[in-house]
Number of protein chains: 2
Amino acid sequence: MPRLFDRVTIAGVGLIGGSLALAARAAGLIGEVVGYGRTEANLQTAQRRGIVDRYSLDAAEAARDADLLLLAVPVKASGAVARACAHTLRPGAVVSDVGSVKQPVVEQVEASLPAGFTFVGAHPIAGTEHSGAAAAFPELFQGSRCILTPGRRSTADAVAKIRALWEGVGMRVDEMDPARHDQVLAWVSHLPHAIAFSTVTALLDADPGMEQFAGSSFRDLTRVAASSAEMWSDIFLDNATQVDAAITQFIAALEAFRRAIAAGDAAQLTTQLLRARAARQLWSPART
Amino acid sequence: MPRLFDRVTIAGVGLIGGSLALAARAAGLIGEVVGYGRTEANLQTAQRRGIVDRYSLDAAEAARDADLLLLAVPVKASGAVARACAHTLRPGAVVSDVGSVKQPVVEQVEASLPAGFTFVGAHPIAGTEHSGAAAAFPELFQGSRCILTPGRRSTADAVAKIRALWEGVGMRVDEMDPARHDQVLAWVSHLPHAIAFSTVTALLDADPGMEQFAGSSFRDLTRVAASSAEMWSDIFLDNATQVDAAITQFIAALEAFRRAIAAGDAAQLTTQLLRARAARQLWSPART
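Note that the structure is a prediction, hence the values are computed from the model and not measured.

The next thing to look at is the overall build of chain A. A tally of regular secondary structure across chain A gives eleven helices and eight strands. Here chain A has a C-alpha radius of gyration of 21 Å; the compact-globule value for 288 residues is 19 Å, and the two agree. Oriented by its inertia axes, the alpha-carbon framework of chain A measures out at about 70 × 40 × 35 Å. For chain A, the residues scored as buried account for 56% of the 288 residues in total. Nonlocal contacts in chain A, meaning residues at least 24 apart in sequence, comprise 76% of its contacts between residues at least 6 apart.

Set out below in structure tokens:
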């Protein structure tokens with residue numbers, strides 16, 4: 001595949017940014033990779049692992065002459081990092097990101113970027129409960145989906161290159177309105193994380209000693225409660241309205257379920273379970 | 001290991017009963033295995049797969065001269081099957097079960113068994129979202145826990161043999177009061193299943209098209225929603241009081257979480273997430 005970008009600056013060399021660097025380099029999609037971050041130990045790990053060729057603790061310095069700036073920092077820092085880098089980027093450079101919430105990123109970066117730069121919001125839907133450059137691995141994206149949220153600062157050429165980048169590391173790419181993205185992700189990712197964290201919290205409040213008898217259902221459900229607290233606090237607050245709506249609708253469904261149990265209504269309960277089971281069985285083959 | 005039982009009748013040759021037969025035979029713990037069930041096709045599958053040597057659609061016939069009757073039928077059928085088998089079992093035979101809820105089984109079977117038989121309640125905490133003899137495999141129990149709930153119809157000798165049986169197929173065995181068992185399982189198994197079914201239901205009500213964008217958190221959380229609807233309807237109703245309490249406490253934790261998000265309180269939210277994360281990270285190594 002032809003090279004898409006000659007010099008890529010990755011702002012925030014964590015699980016996602018680091019894995020992309022490894023995968024895109026292995027595929028020959030990008031040339032030099034320069035890291036930017038605030039924690040030198042993590043950048044040193046990234047350099048040692050061959051994720052970045054070099055790094056800087058200064059955003060503008062790291063961005064010098066890059067033709068792609070990939071924002072993999074917390075959503076609330078995206079606008080400021082984009083602004084700090086803009087004057088050293090190569091003219092016409094593409095700016096993109098990997099944020100789990102899109103509307104606030106798009107708004108911030110579009111407002112922060114000087115004229116002459118394009119921005120393409122992107123969300124590779126992949127991850128594990130681990131974080132940092134040490135957790136990065138090139139296969140992370142294989143077979144998962146990536147959502148692009150093109151906006152008023154996107155050009156067709158930039159969208160095509162960002163699409164080719166994520167497709168090139170094994171993802172299936174879709175395009176979506178940022179608000180719709182945030183609603184969908186509230187349901188399929190943020191809600192499951194809120195449930196995982198809350199299930200652990202409830203068990204801790206009830207009796208932590210019970211956990212030793214957990215089977216695979218509890219372990220699988222709570223796995224992502226080991227994820228970064230800081231990152232998830234940001235995501236929940238960045239997408240507060242949609243997360244609130246999903247949690248509220250989920251609680252209503254669980255309450256209906258609880259009432260069917262309390263009523264001892266086996267027929268009604270079985271009907272509810274069969275509907276969920278039929279759907280989950282349909283989803284299963286394509287997903288696991 | 002010395003043989004524990006010469007002839008075992010398995011009433012309900014599904015995932016659990018079938019896997020036990022395969023594992024215990026491979027370990028030389030049991031001799032002949034006779035299957036009983038209501039669905040001949042499933043029993044034929046069991047015979048073809050070498051799970052049972054023979055089978056009968058008549059419980060008393062299947063139980064003839066057995067020295068272990070293993071009840072792997074729905075909880076509500078346990079007492080009736082035990083009673084139907086009692087007159088053909090070998091005198092002094094041990095009766096045990098594999099039910100996910102213990103208090104109602106113990107009550108039913110103790111009330112149904114004639115004098116001269118011992119009963120030891122047991123719950124091997126293992127399973128997958130699949131069911132039936134076709135899904136059985138001998139490694140199912142390796143490394144998981146089994147809880148025995150000895151009662152007034154248990155003898156020390158019978159408890160020791162049932163313990164040796166489950167330990168012999170790779171389980172770590174604990175003993176517990178039936179009521180405590182039902183509380184613990186409501187939290188570590190029944191609640192996660194209720195959450196999984198309700199998450200799928202809520203998504204179906206909101207917009208099923210969103211599922212295609214699900215990542216591993218949603219897939220793992222909802223995996224067990226593909227489990228048998230009939231079996232889980234029974235489990236939820238058999239353990240209704242404890243399941244209701246666990247769901248209620250979980251909803252309270254999730255509501256507190258939702259309020260912290262709505263309040264935009266990053267510090268409070270991060271504190272909640274850090275507490276859950278620290279616990280889940282401690283649990284993880286031993287469990288996965």
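Structure's up, so let's keep going.
Let us look at the relation of the copies chain A and chain B. In the superposition of chain A on chain B (RMSD 0.0 Å, axial shift 0.0 Å), the rotation amounts to 180°. Interpreted geometrically, this transformation is the action of a two-fold axis. Rotation axis and chain A: the residue whose C-alpha lies nearest the axis is Leu221 of chain A, separated from it by 2.2 Å. Take the interface residues of chain A: 100% of them recur as interface residues in chain B, which is what a same-surface contact looks like.

This next bit is on the pairing of strand 4 (residues 68-71) of chain B. Residue and element names in this part refer to chain B. The alternating pattern of strand 4 places Leu68 and Leu70 on one face and Leu69 and Leu71 on the opposite face, and all of these are buried. Bridge analysis of strand 1 (residues 5-11) against strand 4 gives four bridges, and the strand direction is parallel. Within strand 4, the residue paired with Thr9 across the bridge is Leu69. As defined by bridge partners, strand 4 adjoins strand 5 (residues 94-97) across four bridges and the pair is classed as parallel. Residue Leu68 lies in a different strand from strand 5, and its bridge partner there is Val94. The handedness of the strand 4 to strand 5 crossover, carried by helix 4 (residues 75-86), is right-handed.

Residues and elements named next belong to chain B. Look at helix 7 (residues 178-206) against helix 10 (residues 240-262): their axes get within 9 Å of each other, and the N-to-C directions meet at 60°. In terms of orientation, helix 7 lies oblique with respect to helix 10. Crossing of helix 7 over helix 10 shows right-handed handedness. Every residue of helix 10 that contacts helix 7 at Asp182, Gln183, Ala186, Trp187, His190, Leu191 and Ala194 is listed here: Gln242, Val243, Ala245, Ala246, Ile247 and Phe250. The class makeup of the residues in the contact of helix 7 with helix 10 is nine nonpolar, three polar and one charged.

The subject of this paragraph is the sheet that holds strand 2 (residues 30-36) of chain A. Residue and element names in this part refer to chain A. The strand order 3-2-1-4-5-6-7-8 describes an open sheet built from eight strands, whose pairing is mixed. The open sheet terminates on both sides in strands that have one partner only, identified here as strand 3 (54-56) and strand 8 (172-175). Direction aside, neighbouring strands of the sheet carry axes that sit 25° apart on average. Lying on the sheet, helix 4 (residues 75-86) is in contact with strand 1 (5-11), strand 4 (68-71) and strand 5 (94-97); it crosses strand 4 at an angle near 160°.

A few words now on the sheet that holds strand 1 of chain B. Residue and element names in this part refer to chain B. Judged by pairing direction, the sheet is mixed, and its eight strands sit side by side in the order 3-2-1-4-5-6-7-8 without closing on themselves. The strands lining the two open edges of the sheet, one partner per strand, are strand 3 (54-56) and strand 8 (172-175). For this sheet the average axis-to-axis angle between neighbouring strands, irrespective of direction, equals 25°. Bridge count for strand 7 (residues 145-150) against strand 8 is four bridges, and the pairing is parallel. Following the sheet pairing, Leu148 is matched in strand 8 by Glu175. Sheet contacts for helix 2 (residues 40-48): strand 2 (30-36) and strand 3; angle to strand 3, the most-contacted strand, approximately 165°. The sheet strands contacting helix 5 (residues 103-112) are strand 5, strand 6 (118-124) and strand 7, and the helix crosses strand 6 at an angle near 160°.

It is worth spelling out the interface of chain A and chain B at this point. With 76 residues of chain A at the contact, the number on the chain B side is 76 residues. For the side of chain A that touches chain B, the elements supplying multiple residues, two or more each, are strand 7 (145-150), helix 7 (178-206), helix 8 (216-222), helix 9 (229-238), helix 10 (240-262) and helix 11 (266-287) of chain A. Classifying every residue of the side of chain A that touches chain B by side-chain character gives 45 nonpolar, 18 polar and 13 charged.

All names here are of chain A. Examined at the domain level, chain A breaks down into domain 1 (5-176) and domain 2 (181-287). Here the C-alpha centre of domain 2 lies 31 Å away from the C-alpha centre of domain 1. Residue-level contacts link 14 residues of domain 1 with 14 residues of domain 2. Every element with two or more residues in the side of domain 1 that touches domain 2 is listed here: helix 4, helix 5 (103-112) and strand 7. Here the residues of the side of domain 1 that touches domain 2 sort into six nonpolar, five polar and three charged.

Rules and cut-offs
Residues numbered from 1 in each chain as written. Chains lettered and ligands numbered in written order. Predicted model: local features only at pLDDT ≥ 70, side-chain atom pairs only at ≥ 80, totals over all residues. Helix = DSSP H or I, 4+ residues; strand = E, 2+ residues; numbered from the N terminus. Rg over C-alpha atoms; globule rule 2.2 N^0.38 Å. Buried ≥ 20, exposed ≤ 12 C-beta atoms within 10 Å, placed from the backbone. Contact = placed C-beta atoms within 7 Å. Least-squares fit on C-alpha atoms with pLDDT ≥ 70 in both. Pairing = 2+ DSSP bridges. Right-handed = clockwise from strand over helix to strand, strands pointing away. Axes fitted to C-alpha atoms, helices over the stretch in contact; angles between N-to-C directions. Parallel < 35°, antiparallel > 145°, perpendicular 65-115°, else oblique. Left-handed = near helix turned anticlockwise from the far one by under 90°. Nonpolar A, V, L, I, M, F, W, Y, C, P; charged D, E, K, R; others polar. Domains from an automatic or database assignment.

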